[in-house]
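Residue-level structure breakdown
Now for the letters of each chain:
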Amino acid sequence: MAMSRLGQRPTEVIKRSVTLHFRWNGRSFSGFEGDTVASALAASGQQVFSRSLKYHRPRGILTADYWDPNLMVQVGDDPNVRAGHRLLEEGMDVRAQNVWPSLRFDLKAANSLVGRFLSAGFYYKTFMRPRWLWPSYERVLSAFGPGGRVDIDSPDRYHDKRYTHPDVVVAGAGPAGIEAALAASKAGARVLLVEHEHSVGGHLRYSTRAAEQVALGKLRGTLEASDVEVLTDSTVTGRYEDNWLGIVQRNHPIAVERLIKARAKMLVVAPGLIERPYVFEGNDRPGVITSAAARRLINLWGVKPGERAVVFSANDEGDAAADLRDAGVDVAAVIDGRKGHRINSTRGSRRAVEGVVADGVRIDADLLVVAAGWTAPTSLLNMAGDRPAYDRYAARFFPSNPPDSVLATGGLSGDGTLDELRTHGAATGRLAAARALSVAHRIQARTARARAVGGPEPDWAADDRLPLRRDFHPELFRSDTHGMIDFSEDVGSKDLLAAAREGYDSVELAKRYTTATMGSSQGKLETVNTVAVLAEARGENIGEVGTTVWRPPYAPVSLGALAGRVFEPVRVSPIQPWHEANGVRTILAGQWVRPDHYGDPAAEVRNARSNVGIIDVTPLGKLDLRGPDIPKLLNLLYTNKWSNLAVGKVRYGMMCGEDGVVLDDGVTGRLGEDHYMMTTTSSGAGVVWEWVENWLQTERPDWRVHVTPVTSAYASINVAGPKSRRLVGRVVRDVDLSPEGFAYMEVRSATVAGVAGCFMWRIGFTGDLSYELHVPAGHGMHVWEALIEAGADLGVGPFGMEGQRIMRLEKGHFIVGQDTDGLTMAPSTGLSRLIRLDKENFVGRPELGWSGSRRLPMIVAIQPDHPQTVPDEGCQIVRGDTNEILGRITSSRMSPTLRRSICLGQVEPELAIGGSRVTVLLASGDRIGATVMGHHAHFDPAGERLRG
Amino acid sequence: MLLVPCPNCGPRNSADLRYGGESHARPDPATASPHEWRAYLYLRHNPAGWLRETWYCRSGCRRWFALERNTATNEFRDPPLPGDKRGGAA
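1. Quick word on the overall build of chain A
The number of helices and strands found in chain A is 24 helices and 50 strands. Structurally, chain A occupies a C-alpha span of about 110 × 75 × 55 Å along its principal axes. Per-residue burial for chain A yields a buried fraction of 58% across its 948 residues. Counted over contacts in chain A with a minimum sequence separation of 6, partners at least 24 positions apart contribute 65%.

2. Concerning the packing of helix 5 (residues 175-186) of chain A against helix 10 (residues 418-446) of chain A
All names here are of chain A. Between helix 5 and helix 10, the shortest axis-to-axis distance is 7 Å and the interhelical angle comes to 35°. When you trace helix 5 past helix 10, the crossing you get is right-handed. Residues P175, A176, E179, A180, A183 and A184 of helix 5 form the contact with helix 10, whose own contacting residues are L418, L421, R422, G425, A426, G429, R430 and A433. A breakdown of the residues in the contact of helix 5 with helix 10 according to their chemical character gives nine nonpolar, two polar and three charged.

3. So, the nonpolar core
Generally speaking, nonpolar side chains in soluble globular proteins are found buried as a group. All names here are of chain A. If you look at the biggest cluster of nonpolar residues, it comprises 47 residues, and the most contacted ones within it are F22, I61 and L324. In terms of residue count, the dominant contributor to this core is helix 7 (residues 291-301) (seven residues). Not counting the four nearest positions on each side in its chain, I61 is found in contact with M3, A38, A42, Q47, F49, D68, L71, V288, I289 and L297. Listed in part, the 31 residues of the second largest apolar core include I614, A715, L769 and V775.

4. Some remarks on unusual backbone geometry
Residue and element names in this part refer to chain A. The amide bond that connects P552 to the next residue, P553, takes the cis arrangement and shows omega of -5°. Of note, P553 is situated in the loop between helix 14 (542-545) and helix 15 (559-563). Phi at T515 is positive, roughly 70°, even though this residue is not glycine. The class of T515 is partly exposed, set by a relative accessible area of 22%. Despite not being glycine, D940 shows a phi value in the positive range, around 50°. Looking at the secondary structure, you find D940 in the loop between strand 50 (927-932) and helix 24 (944-947). According to the relative accessible area criterion, D940 is buried, its value standing at 13%.

5. Observations concerning the sheet that holds strand 43 (residues 770-776) of chain A
All names here are of chain A. Reading across from one edge, 41-42-43-40-34-44 is the order of the six strands in this open sheet, with mixed pairing throughout. Two strands lie at the open edges of the sheet, namely strand 41 (747-752) and strand 44 (797-798), each paired on one side alone. Inspection of the sheet shows strand 42 (residues 755-762) paired to strand 43 by four bridges, in the antiparallel sense. Bridged to W761 within strand 43 is E772. Against the sheet, helix 21 (residues 780-790) makes contact with strand 34 (613-616), strand 40 (714-720), strand 41, strand 42, strand 43 and strand 44, and its axis sits at roughly 15° relative to strand 40, the strand it touches most.

6. Concerning the interface of chain B and chain A
Taken together, the 32 residues of chain B in the interface contact 30 residues of chain A. Carbon and sulfur atoms make up 50% of the area that chain B and chain A hide from each other, which totals about 2,700 Å². Considering only the side of chain B, the residues that lose the most area to chain A are M1(B), R26(B) and W64(B), jointly responsible for 25% of the buried surface there. Scanning the region where chain B abuts chain A turns up three salt bridges.

7. Thoughts on a nonpolar patch on the surface
Taken together, the side chains of V570(A), V572(A) and L588(A) define a hydrophobic patch exposed on the protein surface, amounting to about 260 Å² of accessible area. Along the chain, L588(A) turns up in strand 32 (residues 585-589).

8. Brief notes about the confidence of the model for chain B
Of all residues in chain B, 89% have pLDDT values of 70 or greater, and the mean over the chain is 87. For the stretch residues 85-90 of chain B, pLDDT sits under 50, and the model shows 15 contacts to residues farther than four places along the chain or on other chains.

9. Details of the pairing of strand 21 (residues 330-336) of chain A
The side chains of a regular strand alternate between both faces of the sheet. Residues and elements named next belong to chain A. The pairing of strand 20 (residues 308-313) with strand 21 spans six bridges and is classified as parallel. Within the sheet, the bridge partner assigned to V311 lies in strand 21 and is V334. The handedness of the strand 20 to strand 21 crossover, carried by helix 8 (residues 321-326), is right-handed.

10. Let's talk about the environment of W301(A)
All names here are of chain A. Mapping W301 onto the fold places it in helix 7. Judged by its relative accessible area of 5%, W301 falls in the buried class. Between the C-alpha atoms of W301 and L809, which are 508 residues apart in sequence, the distance is 72 Å. Contacts of W301, omitting those with residues within four sequence positions, involve R5, V13, I14, G34, D35, T36, S39, A64 and R296. At 3.4 Å, the side chain of W301 forms a polar contact with the backbone oxygen of G34.

11. Side note on the sheet that holds strand 38 (residues 675-680) of chain A
Residues and elements named next belong to chain A. Sheet architecture is open: five strands sit in the order 36-37-38-35-39, paired in antiparallel fashion. The outermost strands of the open sheet, each flanked by one partner alone, are strand 36 (650-656) and strand 39 (706-709). Across the sheet, the mean angle separating the axes of adjacent strands is 25° when strand polarity is ignored. Two strands pair when backbone bridges link them, and strand 36 and strand 37 (residues 662-672) are joined in this way by seven bridges, in the antiparallel orientation. By the bridge assignment, G653 is partnered in strand 37 with G666. Most of the contacts of helix 18 (residues 630-637) go to strand 38, to which it runs at about 20°, and overall it touches strand 35 (621-626), strand 36, strand 37 and strand 38. Across the sheet, helix 19 (residues 685-699) lies against strand 35, strand 36, strand 37, strand 38 and strand 39, angled at about 165° from strand 39, the strand it touches most.

12. A closer look at the state of the cysteines
Residue and element names in this part refer to chain B. With the rule as written, the count across this model stands at zero disulfides over all chains. Among the cysteines around C9, which has no disulfide bond, C57 carries the closest sulfur, lying 3.8 Å off. The class for C9 is buried, based on a relative accessible area of 12%.

13. A short note on the packing of aromatic side chains
Residue and element names in this part refer to chain A. Counted by the stated rule, this structure contains 20 aromatic pairs over all chains. Seen in terms of ring centroids, Y66 and W67 are 5.0 Å apart; in terms of plane orientation they differ by 75°. Their pairing is edge-to-face. Both residues of the pair, Y66 and W67, belong to the buried class. Three or more aromatic residues link up through ring pairs in this structure, and these residues are Y66, W67 and Y554. Looking at R651, its charged tip hangs above the ring of W642, at a distance of 5.8 Å from the centre.

What counts and how
- Residues numbered from 1 in each chain as written.
- Chains lettered and ligands numbered in written order.
- Predicted model: local features only at pLDDT ≥ 70, side-chain atom pairs only at ≥ 80, totals over all residues.
- Heavy atoms only, no water.
- Helix = DSSP H or I, 4+ residues; strand = E, 2+ residues; numbered from the N terminus.
- Buried < 20%, exposed > 50% of the residue type's maximum accessible area, 1.4 Å probe, protein only.
- Contact = heavy atoms within 4.5 Å.
- Axes fitted to C-alpha atoms, helices over the stretch in contact; angles between N-to-C directions.
- Left-handed = near helix turned anticlockwise from the far one by under 90°.
- Nonpolar A, V, L, I, M, F, W, Y, C, P; charged D, E, K, R; others polar.
- Core = buried A, V, L, I, M, F, W, Y, C linked by side-chain atoms within 4.5 Å.
- Pairing = 2+ DSSP bridges.
- Buried area = accessible area lost by both parts, 1.4 Å probe.
- Salt bridge = Lys/Arg side-chain N within 4 Å of Asp/Glu carboxyl O.
- Patch = residues over 30% accessible without salt bridge, like charges linked within 9 Å, V, L, I, M, F, W, Y side chains within 5 Å.
- Areas by Shrake-Rupley, 256 points an atom, 1.4 Å probe, with all protein chains shown as cover.
- pLDDT = per-residue confidence, 0-100.
- Right-handed = clockwise from strand over helix to strand, strands pointing away.
- Polar contact = N/O pair within 3.5 Å; in protein donor to acceptor, adjacent residues only side chain to side chain.
- Disulfide = S-S within 2.5 Å.
- Phe/Tyr/Trp six-rings, centres within 6.5 Å; stacked < 30°, edge-to-face > 60°.
- Lys NZ or Arg CZ within 6 Å of the ring centre and 35° of its normal.

What follows is the structure, given as C-alpha cells:
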C-alpha cells in the first residue's frame, strides 16, 4: 500500500502553502502545516512505522489517531510520541522505536519465527527459574522492551498547573458535546469544553456530507461567539471524588503541558465512540485500516490510503466506499458484514497487503478498510463508579447508573441522526446547568461565614431528557480465523483462548496473564474484542463475562505534567543574607534553608569551645502560650512535672505519643504569670502545634489556654562558649547577667542591642555556657551584626548546624528522630527522672507505666577503640563474629575537642552499662571494637562549663 | 479529591485538611487495662458505612472537628448531637 498526497480536499486541515521539513530515521522528509507526523509520513509513501512489541512484525497505520498503537515514535529526546496525533513541526527529528538495528531490518523479528514459544504467559513460565538468574533475565528483557529512549541529559522544560472551579465541564467536543456546552453556557453556567483532538467537531470534521459540513461551520461559529472556554488538544484524564478532574492541556503556548485541576459542579461525558478493529488472520498487516482512519486520512490530510481497496462494513457510518472512490481509490469489493459476509484473511508480504480473502474468495487489493463496530469509551463513567452494561442488540456497552453529578451524551449514550444527537446534547447541557445551580447553592449553604444564601436550594433537576435510541449492530469481533487483538501488546486471539484453557478465563485474570489491554492504547481498541474472545472460550455472552474496569488516566499523563511547575517554597531566617555574604554552606532541613557551616566546622567548634560562637537557630519551633491553665496543659503534654515552674524559670521536657514513643522535646519557659514560651524541635514545630491544638480542642476545651505559633516571628540566636557572658553583657544592659542574677535554666525579658521585646534564656545544647536570644524577626539581622561587631576582640565567630551537631554529640544530647525512631519509648533515652508516673494523667502515661516490664533498647554513648575510625551513622552493632544485631550507631562524628571519634547508639539493655564491649559492623564489612560509656556526655559530664 | 465540609470554612479540598481518623473516646488512663488502652491505640471499627471521624482545618480556621462520613459513598453529614441515637459507629 503506497499512500500518496491527493489534490486539495474541502475538509482538509493542512495548509499547503507552508511546507515543513523533518527527518525520519535520519532521512529528510517534508509535510504541510496541519499534518500529523503520521499523515506527513503516509503522504510520503511510508508504510511501516514501527515493529510490534514481541514478534517485531512490521506495523503500519491502523486508526491514524491518538490511540493508534502502531504509531509510537521518538521525537528528538521525547519517547513514546503518538505520531497519529502529534502535529508536524519544522526540523523535527523522528525515529522509529522498538527496532534493532533498524526499522527495515530488525533482528528481533526472529521472535516471530518462534512465535509459538512466546504464547500467553511465556515470560512468567520461562524466566521463573532459577530465581537467582532473574536480575540477568531482567536486564536482557528490558532491552527487548518497547518504548523509546529517555535522555537523562535533556534540559527541564516548563510545565504548568492551573486550578479552576467551573460549573460544568464537558469532555468531548463532538456535535453533542458542543451543544451541551452551548446550552449550559446559555443557561448561565461557567463551562469548560475539553477536546482531545486538535479541533472541535468530532466525526463531522472528516465527513464529506454537505449538511454535516454546514452544521459544523455553524456550531463552530456559535461556539466562538459564546462564553464557553474551549480547550483543544486537551484530555480529561481522570474523574475523582466530587467531580475533581484532571485535565492535561497539551497545546499551551508556553508550557510543554499544563495539568489543570478542575472542581466541576457537573461533568458531561461526551467522548463519542471509538471504532474497533476486527480479528482475522493478517489483520495487523500494513494496509489494514479502520474506516475512520481511511476517512481521516483522505478528508483531513488529503492522503490517498491506497490504490485498490476492499471495504468491509457493518454500519452506515463506517462505509468508507464513497470517500475512497471520491479520492480516486479503486474499490474492488464492498463486503457487507450485516448480511453475514466475512473477511477471512489478508495475503501479501510481511510489509504490505496484496490480497484479501473474503467469504473464501481472494480479491487483489493493497488496502482493506474495516468497519466492524464501536467501542464506547466509558472510562470517565467507570471512574465515577458506573459499571456500564453490554447490549447485544447494539453490540456495545452503554452507561448504566452514573452518579447524579455525571451525565453522558452523544454516541456514548445512544444512536440517532445528527439532529437527534444535538438535541440530546443540548438537553444534557441544560440539565447540567440546572443541577450545577443546586450544587453551588449547597456549597454556599455549607459555608457558615459566607454571605447569606439567596433563597431556598433549587430543586434537584430531574433527568427528563428524551433518551437516544439504540440501533441494531451485528456482533462482529472475530472472524473464523485467528488474528491480533491487542496490537500494542502483541496479543492474539489464540493467546487468549490458550489463557482461558489454562484457567485464566476471568477477564481480570486473562488481562494480567496475557497483558491484553495493558499497552499503549489502554483498552480503547481491544477491550471489547478481548472480552468477546473470552466469552467465546467460555461459551457465554459478553454481558456474562463482564469487562475490565477502566481506571485513570484516560490517556497517558507525562511525569512532567504531574510534577508541574516547580513550586517548592523554602523558608529562610532574616539573617540569611549575612550567612550568604560570609561563605555559608547551606543545608535544607525540612522547609528551612539553614547554615550548615562556613567552611570548617571543626574550627567553628574549637572557637566556640575556647572563645564564643553564635548560631542562627531561628527555625526552632516556638509556641506562645497564654492563659491561666497552661500548667495543666504542660503537665498533660510533657512527661515531667510543670506545676511549680516559677516565673523566670525554664525547664526541659519530653513529649510522647499515647503509645509512649518519644514525639518531640524542647524547653519551655515562664515569661509571666500567664505567659509561657514553648519550644519544639525545628522539624517538629508544625506537628506539635497541631497536636497541642488537638488536645486543647477535643479533650480539654474547658481549659483556658491560647496557642500562637511564633516560630518565624522571632529570630533566634544561640551565643555559646566560655566568653558568651562577656559578649552578651556588651549588648544587653537591662539584665543582671551574673551567675547568681541569671542562672542556668532561667529566662529573662531583655532589650538586646537596643531592640526591646526580646527574651533570652540560659540553656546548654552545646554543653557550654550559653544564652539563647529571641528577638523580633525584623531586628534579627541587626542583633546578629551587633554581636559580631561587639565580640570582635573576644574572637566571636559563627557556627552552623554541623558544628552544633558535633558539640551536642560531645555533650551526649540525643536528637529526636536522629537518635530515636518510631519505636523509641521515653525510658530508652535514659532520662527516666523526667518520666513522672506519679502524675495521674499525661499523654502516654499508661504505656510508660507498663514499659518497666519490657526490654527496651537504650541510648548510650559509644567510643570506638580506634580514635580515628568514625563508623557511619546506621552501622549495626552485632554480637562478635555473628550477624546477630544488638543495636546500631545513631550519631557519629570526629570530635575536634576530644580529638577522637564519638558516637551515640541504641543497644540492648544488657549492654547499656558503662564499660560494656561491643562490636560495630562497618559499611565496608570490617568489624571494630568499641566501648559503651558510663555517661551520655563524652565531654564535661559534670556539666561545670554549662552551669558556670 | 474529597470535598470536606468544614463547619467554619465550608467545603474544602481534603488536602487542605489533616485527617484525624476514626474518632474514639480516650479511656481513663488511671484505670484502663492494657487491653483497653491498646484497643484505643490500634483497633478501629473501619465500617463500610457511616463513620464518625475527625478532621483538622490546617489551612483555614485551624479547628479540629468531627464529621460523619459514609465510607461506602463518601457522603458527609453532621455528627449527631448528644442524645441523638442514630446509626453508625462512633
